[in-house]
Amino acid sequence: MISIFTRGLIRGAVTLAVAATAVTGVASTAQAAGPGGKLSLSALSFAQSTVNSTAGAVADALTWTVKDSSQDAVQVSGHVTIRMYDDAAGAFVGHDFVIPFSYGNTCCSSDIGAYVDGTPQESTYAYTFVVPQWASSSSVTWKVTKVTLEDNLGNTATVGAAKLQTFGSTIATTAAVDSGAPTISGLALYQNSSPLRPYVYVNGTSAQVTYTFYIQDWQTGFWKGTLKLAGPGGQSVTTPFQYTKSEMSTAVTCGGGFSGGNVYDLYCGVTVTLPTGSAAGNWRVAQIVVIDNAGRQATFKNPAAQSVTATSNATLTASGFALSPNPVNNWRGDVMGSLTLSAAGATKGVSAVYVNFSDNSCTQWGATTVNADGTISVPVRVFSSSQGCTVTGIAVVDGAANVALYGTLYNAPDPGLAFQRVPNTTPPVATSATLSQTSIPLSELSGTSVQLVVHAEILTAPINSYAYYIYNAAGEVVSQAFGGTGQAADGTVTMYLYLPWWNGMGPGEYQVGFQLSDSSYLSTFYDVLGDPRSQPLPGGPLTFTIVDDSA
């Protein structure tokens, strides 16, 4: 988004225009072609050259034919642009209607020109243009202002006003006159951070501020507008915005990519850039101008909205940033830590410190405190799920509403702070294991559940998953399972062995091997046959016997 920036000085009337963008009408364009002049428009016409829309919108069929003299072309596409011309004012008014089309495409949106018939060398298309009921005056003309063409070989052509005048490219319309200007509602400062941080950093850099609002115009709909922010010393920034419609869908946007609603009731977001050199202090919405597609304008001066504080960190500063504890051992639970800093230049003391992190695994938690040595501590909760988090923004606010900003969130000096998790390099360690039963009568096998209890050391990362394997006398796996688990306070991990009595598990001796894995993805294997990573279980292997008691 391009803005107009003005700087007013107390002595003398000085205005500096940094950049400006004007929204203009569609200019006439002569027929032009790309390589070889292969493409041309051979026909174009509306079914009705005159309509009366005073009682309601009127559908009018537009057809056109495209020729491509290249016999190698297999695809042709382009756009048809239609706009309203106010006969009394002698000027175009309102936004363009841009209709895309392509060879062979008959699907699916009513906003796309449909292929009718023909070959890539000569193809015909159709579009139903709905002439709106409302217009800027009672006598307007809807005109095809431009047609662009291209094929798969790179040939292009643009058909402008001079050529289009030789076709039936206009609809003379008697229309109902738009009687009202647009209105706005719900004006609010927009930021990605939560809670809202109405601060920007402007020391040698530009900054962006976004406001969102709704625009309503129930007759011709919204066309374009401007939003003006006013700052200290007479400085101001004016940013244009307008209605934009997607070529291939019904989606509409307004301002910097914000979408929602339609041309009559539209959600809009305008991003204003405060250029390098903008003054520190309070910036507010001074004016919003909105214009509908009939050219009716409404101006809203000093609308109610939260202002933004710009800072260069010249009055209030912070330093001595530190995180504690760091690294943090949060493997087994959340950890309370803190961010500590020193502030200088505060008026009426520091009233608040706001901290943002790279993700939700860390968060500011509780009230800020002033320590005995004058430093300030902000409590931070590091959740057990966090593998580390970076401080992206720090806002220090004093009692006079002065602000100091730090971090990438504000495009301000970055203190380079990040909580690191204590590394875990030791995999689970089992000290022993037991089975709840070591002898099972065959007749009771179907109703028996054997409990495996592993005694493991309590290390840095908790054990959170397991796998077990039951082997017969031949070393074959007859049962196995894996899943999530937890490590009890005494270090034990409990598994329940599944005995498939119905699948040939008969009398004899069986051995159990298992795997333990922790939340850092380290694993240890005990008595897992054929696995070179496996080690013997302390205390000897786990075995049980199924006894044949059928005699």
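Counting starts from 1 at the beginning of each chain's written sequence and moves along it residue by residue. Per-residue local features are limited, in this predicted model, to residues with pLDDT of at least 70; the limit for side-chain atom pairs, both in listing and counting, is 80 or more; totals at the level of whole chains, interfaces and linings are taken over all residues. Side-chain numbers here rest on the full set of heavy atoms in the structure, without hydrogens or water.

1. Considerations on the overall build of the protein chain
Okay, step 1: We count a stretch as a helix when DSSP gives it H or I for four or more residues in a row; a strand needs E for two or more, and each element gets its number in order from the N terminus. On a plain count of helices and strands, the protein chain comes out with one helix and 44 strands.
Okay, step 2: Taking the principal axes of its C-alpha atoms as reference, the protein chain extends roughly 105 × 75 × 45 Å.
Okay, step 3: Burial analysis of the protein chain (551 residues in total) assigns 44% to the buried set.
Okay, step 4: Any two residues whose heavy atoms approach within 4.5 Å are treated as being in contact. Sequence-distant contacts in the protein chain: of pairs separated by 6 or more residues, those separated by 24 or more amount to 68%.
Okay, step 5: Side-chain charges in the protein chain split into 20 positive and 31 negative, and the spacing between the mean points of these groups amounts to 22 Å. Only protein chains enter the accessibility calculation, which uses a 1.4 Å probe. A residue is then buried if its area is under 20% of the maximum for its type, exposed if over 50%, and partly exposed in between. Counted as positive: Lys and Arg. Counted as negative: Asp and Glu, with His and the chain ends omitted from the count. Where a charge lies is defined by one atom per residue type, namely NZ (Lys), CZ (Arg), CG (Asp) and CD (Glu).

2. Remarks on the environment of Tyr410
Okay, step 1: The residue Tyr410 is located in the loop between β34 (403-406) and β35 (418-420) in this model.
Okay, step 2: Given the relative accessible area of 8%, Tyr410 is considered buried.
Okay, step 3: With 18 residues separating them along the chain, Tyr410 and Thr392 place their C-alpha atoms 8.2 Å apart.
Okay, step 4: In contact with Tyr410, not counting residues within four places along its chain, are Arg197, Tyr199, Tyr201, Asn356, Gly393, Ile394, Ala395 and Leu405.

3. Examining the state of the cysteines
Okay, step 1: Put simply, a disulfide is two cysteine sulfurs that come within 2.5 Å. On inspection of all chains with the given rule, the structure shows two disulfides.
Okay, step 2: The disulfide bridge from Cys254 ends at Cys268, spanning 2.0 Å between sulfur atoms. Taking the torsion about the sulfur-sulfur bond, which here is approximately -65 degrees, the covalent link between Cys254 and Cys268 counts as left-handed. Here Cys254, found in strand β20 (residues 252-254), pairs with Cys268, found in strand β23 (residues 265-274); they are 14 residues apart in sequence, far enough to count as distant.

4. Here we look at the sheet that holds β23
Okay, step 1: What the four strands build is an open sheet, ordered β15-β17-β23-β22; its pairing is antiparallel. The sheet is open, and its two edges are formed by β15 (183-190) and β22 (261-262), each paired on a single side. A pair of strands is treated as paired once DSSP finds two or more bridges between them.

5. Things to note about the sheet that holds strand β3 (residues 39-46)
Okay, step 1: Taken together, the four strands give an open sheet; going across it, the order is β3-β5-β9-β8, and neighbouring strands pair in antiparallel fashion. The sheet terminates laterally at β3 and β8 (114-119), the two strands that pair on one side only. If you compare each strand with its neighbour and ignore which way they point, the axes differ by 20 degrees on average.
Okay, step 2: Across five bridges, β8 lies against strand β9 (residues 122-131) in antiparallel orientation. For helices, the axis comes from a line fit to the C-alpha atoms of the stretch in contact; other axes are also lines fit to C-alpha atoms, and the angle between any two N-to-C directions lies between 0 and 180 degrees.

6. Overview of the layout of surface pockets
Okay, step 1: Estimates place the volume of the second largest pocket at around 450 Å³.
Okay, step 2: Residue assignment for the lining of the second largest pocket shows that the elements contributing at least two residues are β15, β16 (199-201) and β17 (207-216).
Okay, step 3: Considering each element in turn, the lining of the second largest pocket owes the most residues, four residues, to β17.
Okay, step 4: Put simply, Ala, Val, Leu, Ile, Met, Phe, Trp, Tyr, Cys and Pro go in the nonpolar bin, Asp, Glu, Lys and Arg in the charged bin, and everything else, Gly too, in the polar bin. A per-class count over the lining of the second largest pocket returns twelve nonpolar, eight polar and one charged. With a 1 Å grid spanning the protein atoms alone, the term cavity applies to any set of points in which a 1.4 Å probe fits but cannot get out, the term pocket to an open set with protein on both sides within 12 Å along at least five of seven lines, and the term lining residue to any residue with an atom within 4 Å of a point. Grid points are joined across faces, edges and corners, and a volume is the space filled by probe spheres set on the points.

7. Structural notes on empty space enclosed by the protein
Okay, step 1: Using the criterion set out here, one finds one cavity of 30 Å³ or more in the structure.
Okay, step 2: Here the largest cavity is characterised by a volume of approximately 30 Å³.
Okay, step 3: Around the largest cavity, the lining residues are Thr426, Pro427, Pro428, Glu457, Leu459, Ala461, Ile463 and Asp518.

8. Digging into the packing of aromatic side chains
Okay, step 1: Think of it this way: a Phe, Tyr or Trp ring, Trp meaning its six-membered ring, pairs with another when their centres are within 6.5 Å, and the plane angle makes it stacked under 30 degrees, edge-to-face over 60, tilted otherwise. Inspection of every chain in the model, using the stated rule, returns 20 aromatic pairs.
Okay, step 2: Their ring planes at 35 degrees and their centres at 5.5 Å tell us that Phe514 and Tyr526 sit as a pair that is tilted. Placement of the pair is Phe514 in strand β42 (residues 508-518) and Tyr526 in strand β43 (residues 523-526), with a sequence separation of twelve residues.
Okay, step 3: For Phe514, a relative accessible area of 1% puts it in the buried group.
Okay, step 4: Relative accessible area serves as the criterion here: at 2%, Tyr526 is assigned to the buried category.
Okay, step 5: In this structure an aromatic cluster arises from ring pairing among Trp64, Phe101, Tyr103, Tyr115 and Tyr125.

9. Here we look at the pattern of salt bridges
A side chain with one charge can pair with a side chain of the opposite charge if their charged atoms come near.
Okay, step 1: A carboxyl oxygen of Asp or Glu within 4 Å of a side-chain nitrogen of Lys or Arg is what we treat as a salt bridge. Across all of its chains, the model carries four salt bridges by this definition.
Okay, step 2: Measuring nitrogen to oxygen at the nearest pair gives 3.6 Å for the salt bridge that ties Asp96 to Arg83. Placement of the pair is Asp96 in strand β7 (residues 91-102) and Arg83 in strand β6 (residues 76-86), with a sequence separation of 13 residues.
Okay, step 3: Residue classification places Asp96 among the partly exposed residues on the basis of a relative accessible area of 32%.
Okay, step 4: Take Arg83: its relative accessible area is 2%, and that puts it in the buried class.
Okay, step 5: Where Arg381 meets Asp334, a salt bridge forms, and the shortest distance between an N and an O atom there is 3.1 Å. Here Arg381, found in strand β32 (residues 376-382), pairs with Asp334, found in the loop between β27 (317-324) and β28 (335-344); they are 47 residues apart in sequence, far enough to count as distant.
Okay, step 6: Taking the relative accessible area as the measure of exposure, Arg381 reaches 21% and is therefore partly exposed.

10. Side note on a nonpolar patch on the surface
Okay, step 1: Side chains of Tyr498, Trp501 and Trp502 sit close together on the surface and give an oily, nonpolar patch of about 400 Å² of accessible area.
Okay, step 2: Owing to a relative accessible area of 53%, Trp502 belongs among the exposed residues under this scheme. Within this analysis, patches are made of residues with over 30% relative accessible area and no salt bridge. Like charges are joined at 9 Å or less; nonpolar side chains (Val, Leu, Ile, Met, Phe, Trp, Tyr) at 5 Å or less. Computed with the Shrake-Rupley method and a 1.4 Å probe, the accessible areas treat only the protein chains shown as cover for residues.

11. Quick notes on the side chain of Thr340
Okay, step 1: Position of Thr340 among the secondary structure elements: in strand β28.
Okay, step 2: If near-sequence neighbours (up to four positions away) are discounted, Thr340 is found in contact with Gly320, Phe321, Ala322, Asn371, Thr375, Ile376 and Ser377.

12. A short note on the environment of Phe525
Okay, step 1: Considering the arrangement of structural elements, one finds Phe525 in strand β43.
Okay, step 2: On the accessibility criterion, Phe525 (7% relative accessible area) is buried.
Okay, step 3: In this structure, the C-alpha to C-alpha distance between Phe525 and Ala61, residues 464 residues apart in sequence, is 75 Å.
Okay, step 4: Excluding its chain neighbours within four sequence positions, the residues that come into contact with Phe525 are Phe514, Gln515, Asp531, Arg533, Ser534 and Gln535.

13. A closer look at the pairing of strand β18 (residues 222-230)
Okay, step 1: Of all nine residues that make up β18, seven are buried, and the element is covered over most of its length.
Okay, step 2: As paired elements, β18 and strand β24 (residues 281-292) share eight bridges and run antiparallel to each other. In the sheet register, Thr226 faces β24, and the bridge partner there is Val289.
Okay, step 3: By the bridge criterion, seven bridges tie β18 to strand β19 (residues 236-245) in an arrangement that is antiparallel. Pairing of Thr226 across the sheet is with Pro240, part of β19.
Okay, step 4: In textbook terms, the turn of a hairpin is the stretch between consecutive antiparallel strands, and for β18 and β19 this stretch comprises five residues, one of which, Gly233, has a positive phi near 65 degrees.

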